[in-house]
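These are the residues of each chain, in order.
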Amino acid sequence: MNGILLIDKDETWTSRDVCNKISKILNVKKVGHCGTLDPFATGLMIIGVDKGTKALSYFKEDTKEYEATLVLGKRTSTGDKTGEIIEEKKIEKITKKQVLELFQKMIGKSTQIPPMTSAIHHNGIKLYKLARQGIEVERKPRNIEIFDLKLVDLSDHKISFRVKVSKGTYIRVLGEDIAKKLKNIGFLQSLRRICIENLNVSDAIKIGDVSEEKLLNVSDLLVDMKHIHTDDYRTQKIKNGLPFIYKENDNCNKILFIDKNNNAIAVYKREKDDKFICERGLW
């Protein structure tokens, strides 16, 4: 039982909770994911089941898209609704024009300091574990990019927006930055991931709908590399890790080999000139 599941995660669950639930439903030990979602967030997760976990590192996550609602006038310890309110401020009237002009200015490259509630490691310990102990450490700014930022709705104290960002961008921090640039404070009331690259939450299923029949084929989803279908003879050679000569002049650096049953069997990478070697077996 191998493959990929696109899951629409429910609120309050950790990403690990999702994997554990799928493990029990399908009765498989090996279940993993790429692209962690905070417990308060909902939306798209890419889940690998059994040998499908081997392919997770090949899913592109360079761009992600989210929908979020920012509450103004209050700041929490986590930047979202799960934290304690640590500051309150009177909300000045904000116009739609102000928000639209700000959003336009925020599109592009910038830097962002990861929050202490993130899963980034510091000396081998995740930051959120240090935060629970009341410890705060210095974090280096990260380069991020906002590709698109659109206003969805605006009320006296809430801003709902949709944003497309580079991998590693924290939307909680973005929400706080938006509030700060509007001369206020704020926290995220909701966060929903709707896209990871070309994959959309509209194609995802809920945990309650998980079954073996819903498993997706790795070869149908890894569309960003060259696909080559093989016969039984070549399939065995590939499973044995033998090098492959590819002379087509299409500048590809990685090849996904697929057997006659449409199962992904290995990813090969270019070593030199026309020679490709096995990078990872997927069977």
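Residues numbered from 1 in each chain as written. Predicted model: local features only at pLDDT ≥ 70, side-chain atom pairs only at ≥ 80, totals over all residues. Heavy atoms only, no water.

### Regarding the overall build of the chain
This is how it is decided: Going along the chain from the N terminus, every DSSP run of H or I of four or more residues is numbered as a helix, and every run of E of two or more is numbered as a strand. When a residue's accessible area, from a 1.4 Å probe over protein chains only, is under 20% of the maximum for its type it is buried; when over 50% it is exposed; and in between it is partly exposed. All accessible areas in this document rest on Shrake-Rupley with a 1.4 Å probe, and a residue is counted as covered only by the protein chains that are shown. Here Asp and Glu are counted as negative and Lys and Arg as positive; His is not counted, and neither are the chain ends. For charged residues, the charge sits on one atom: NZ in Lys, CZ in Arg, CG in Asp, CD in Glu.
Looking only at helices and strands, the chain features 6 helices and 18 strands. Seen through its C-alpha atoms, the chain measures out along the principal axes to roughly 70 × 45 × 40 Å. The burial tally for the chain puts 45% of its 283 residues in the buried class. Summed over all atoms, the accessible surface of the chain reaches about 15,500 Å², with 45% contributed by carbon and sulfur. Where the 51 positive side-chain charges of the chain centre and where its 40 negative ones centre are 3 Å apart.

### As for the pairing of strand β12 (residues 186–196)
Keep this limit in mind: When DSSP locates at least two bridges between a pair of strands, those strands are taken to pair.
Extensive coverage of β12 is indicated by the burial of 8 of its 11 residues. Sheet topology note: the strand β3 (residues 42–49)/β12 ladder contains 2 bridges and is parallel. Bridge assignment links T42 to a residue of β12, and that residue is R192. Of the strand pairs in this sheet, strand β4 (residues 63–72) and β12 are connected by 9 bridges, and their pairing is antiparallel. Bridging across to β12, K64 finds its partner in I196. Relative to strand β13 (residues 199–200), β12 runs antiparallel, the two sharing 2 bridges. When the sheet's bridge partners are listed, I196 is paired in β13 with L199. Between β12 and β13, which pair antiparallel and follow one another directly, the connecting turn spans 2 residues, one of which, E197, has a positive phi of 55°.

### Side note on helix α1 (residues 15–26)
Quick note on the threshold: In a helix, the anticipated span is given by 1.5 Å times the number of residues less one. This arc is built from the directions going out from the helix axis to the C-beta atoms. By definition, residues are in contact when any of their heavy atoms lie within 4.5 Å.
Compared with an ideal rise of 1.5 Å per residue, which puts 12 residues at 16 Å, α1 spans 17 Å between its outermost C-alpha atoms and is within 8% of the ideal. For α1, the set of buried residues is S15, V18, C19, I22, S23 and L26. In a view along the axis of α1, the buried residues occupy a sector of 135°, so they form one face of it. Those residues of α1 that are buried are in contact with β1 (3–9), β2 (31–34) and β3. Within two residues after α1, N27 carries a phi angle of roughly 60°, on the positive side.

### A word on the pattern of salt bridges
Threshold: For salt bridges, the criterion is a side-chain nitrogen of Lys or Arg within 4 Å of an Asp or Glu carboxyl oxygen.
Here the structure, examined in full by the defined rule, presents 16 salt bridges. Note that E67 and R162 form a salt bridge whose closest N and O atoms lie 3.5 Å from each other. In this pair, E67 is assigned in strand β4 and R162 in strand β11 (residues 158–166), connecting sequence segments 95 residues apart. Looking at E67, the relative accessible area reads 32%, which means it is partly exposed. Judged by its relative accessible area of 31%, R162 falls in the partly exposed class. Put simply, K226 and D250 hold a salt bridge, and the shortest N to O gap is 3.6 Å. Highlighted residues: K226 in strand β14 (residues 226–229) and D250 in the loop between β15 (244–245) and β16 (254–258), separated in sequence by 24 residues. Judged by its relative accessible area of 31%, K226 is partly exposed. Judged by relative accessible area, D250 falls into the partly exposed class, the value being 32%.

### Some words on the packing of aromatic side chains
Selection criterion: Aromatic rings from Phe, Tyr and Trp, with only the six-membered ring used for Trp, were paired whenever their centres fell within 6.5 Å, and each pair was classed as stacked if the ring planes differed by under 30 degrees, edge-to-face if by over 60, and tilted otherwise. Consider the ring centre and the ring normal. A charge sits over the ring if Lys NZ or Arg CZ is within 6 Å of that centre and within 35 degrees of that normal.
With the rule as written, the count across this model stands at 5 aromatic pairs. Geometry around W13 places K21 over its ring, the cationic atom sitting 4.3 Å from the centre.

### Quick look at the packing of helix α2 (residues 96–106) against helix α4 (residues 171–181)
To be explicit about the condition: The angle between two axes is taken between their N-to-C directions and runs from 0 to 180 degrees, where each axis is a line fitted to C-alpha atoms and a helix contributes only its stretch in contact. Any angle that is under 35 degrees is reported as roughly parallel, and any over 145 degrees as roughly antiparallel; angles of 65 to 115 degrees are reported as roughly perpendicular and all others as oblique. Handedness of a crossing follows from how the near helix is turned relative to the far one, being left-handed for an anticlockwise turn of less than a right angle and right-handed for a clockwise one. Under the scheme applied here, ten amino acids are nonpolar (Ala, Val, Leu, Ile, Met, Phe, Trp, Tyr, Cys and Pro), four are charged (Asp, Glu, Lys and Arg), and all others, including Gly, are polar.
Where α2 contacts α4, the two axes come as close as 11 Å, and the packing angle between them is 125°. Judged by the angle between their axes, α2 and α4 are oblique. Between α2 and α4 lies a crossing whose hand is right-handed. When α2 is examined against α4, the residues L102, F103 and M106 are found in contact with a partner set consisting of L174, D177, I178 and K181. Taken together, the residues of the contact of α2 with α4 break down into 5 nonpolar, no polar and 2 charged.

All we've got here are geometric facts, nothing functional implied.
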